[in-house]
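Residues per chain are reported as follows:
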Amino acid sequence: LEKKQYGRAVKLFEKALTNKPDNRDQLGVPYAKALTERAAELLETNPRKASSYLRKAIEFDRQNAMAQFLLGKSYTSSKNYPRAIEAYKTAIDLDPRFEDACFNLGFAYTVTRDYPRAEEMFRRTVALSPSYVDEAYFNLAMVQWKQGKKQQSIRNLELALTINPDNVRAKKYFNRFKRDSRGFQ
């Protein structure tokens with residue numbers, strides 16, 4: 001585990017747990033970490049195996065926010081948004097400052113057209129101020145526009161551009177929304 005050889009660590013933990021099942025309490029959390037890290041490595045190339053590892057990790061460590069988050073990503077990639085939403089919500093319940101889980105939950109809510117909840121998650125992401133806060137402002141602006149909150153949307157695009165003047169999508173939509181909103185003022 002320390003050498004970041006997660007596949008090997010998983011096999012060694014499984015062997016140890018098979019030989020001494022009484023060690024489950026002692027080995028559960030580190031085994032779950034090995035499973036989670038191995039799943040992260042496999043998520044793009046073998047999502048089915050990664051999901052299997054993540055479910056097992058959660059079985060061994062119910063407090064594993066990263067496993068829940070990665071499971072949410074797995075469900076998102078397969079477009080199973082209801083399950084993704086549940087996994088992201090659980091990750092956030094376990095770690096309320098988990099900015100990537102908030103951002104991804106906002107995305108899942110957006111895709112399912114639950115714009116008020118998406119707005120809430122993007123606001124929360126902005127408050128956590130991740131390195132990609134301009135993207136959070138951009139997404140917040142998009143869901144606000146969908147809800148008819150034109151001026152708030154434009155303001156958040158301005159904030160995105162203040163943080164990252166090179167955000168091409170924010171520039172594009174800022175100009176479009178500014179032009180389209182003139183009739184609403």
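Check the entry above for the structure.
The paragraphs below set out a description of the structure included in this document. What you see is a predicted model, and the numbers here were worked out from it, not measured in a lab.

The rules we used
Residues numbered from 1 in each chain as written. Predicted model: local features only at pLDDT ≥ 70, side-chain atom pairs only at ≥ 80, totals over all residues. Heavy atoms only, no water. Helix = DSSP H or I, 4+ residues; strand = E, 2+ residues; numbered from the N terminus. Rg over C-alpha atoms; globule rule 2.2 N^0.38 Å. Buried < 20%, exposed > 50% of the residue type's maximum accessible area, 1.4 Å probe, protein only. Contact = heavy atoms within 4.5 Å. Areas by Shrake-Rupley, 256 points an atom, 1.4 Å probe, with all protein chains shown as cover. Lys, Arg positive; Asp, Glu negative; His and termini not counted. Charge placed at Lys NZ, Arg CZ, Asp CG, Glu CD. Expected span 1.5 Å × (residues − 1).

### Things to note about the overall build of the protein chain
Here comes step 1: Along the backbone of the protein chain there are 10 helices and 0 strands.
Here comes step 2: In sequence order, the secondary structure elements of the protein chain are arranged as α-α-α-α-α-α-α-α-α-α.
Here comes step 3: The C-alpha radius of gyration computed for the protein chain amounts to 20 Å, which surpasses the reference 16 Å derived for 185 residues by more than 25%, pointing to a less compact arrangement than a globule.
Here comes step 4: Principal axes of the C-alpha set define a box for the protein chain whose edges measure 70 × 30 × 25 Å.
Here comes step 5: For the protein chain, buried positions account for 45% of its 185 residues.
Here comes step 6: Here the analysis covers contacts within the protein chain between residues at least 6 apart in sequence; of these, 47% occur between residues at least 24 apart.
Here comes step 7: For the protein chain, the computed accessible surface area is about 10,700 Å², with 47% contributed by carbon and sulfur atoms.
Here comes step 8: The averaged location of the 22 negative side-chain charges in the protein chain is 5 Å from the averaged location of its 34 positive side-chain charges.

### Considerations on helix α8 (residues 133-146)
Here comes step 1: Given a rise of 1.5 Å per residue, 14 residues ought to cover 20 Å, and the 20 Å separating the end C-alpha atoms of α8 matches this to within 8%.
Here comes step 2: Taking burial as the measure, the 14 residues of α8 include 12 buried ones, the bulk of the element.
Here comes step 3: On the buried face of α8, the contacting elements are α6 (99-111), α7 (115-128), α9 (150-163) and α10 (168-181).
Here comes step 4: At the exit of α8 stands G148, carrying a positive phi of roughly 85°.

By themselves, these figures tell us nothing about what the structure is for.
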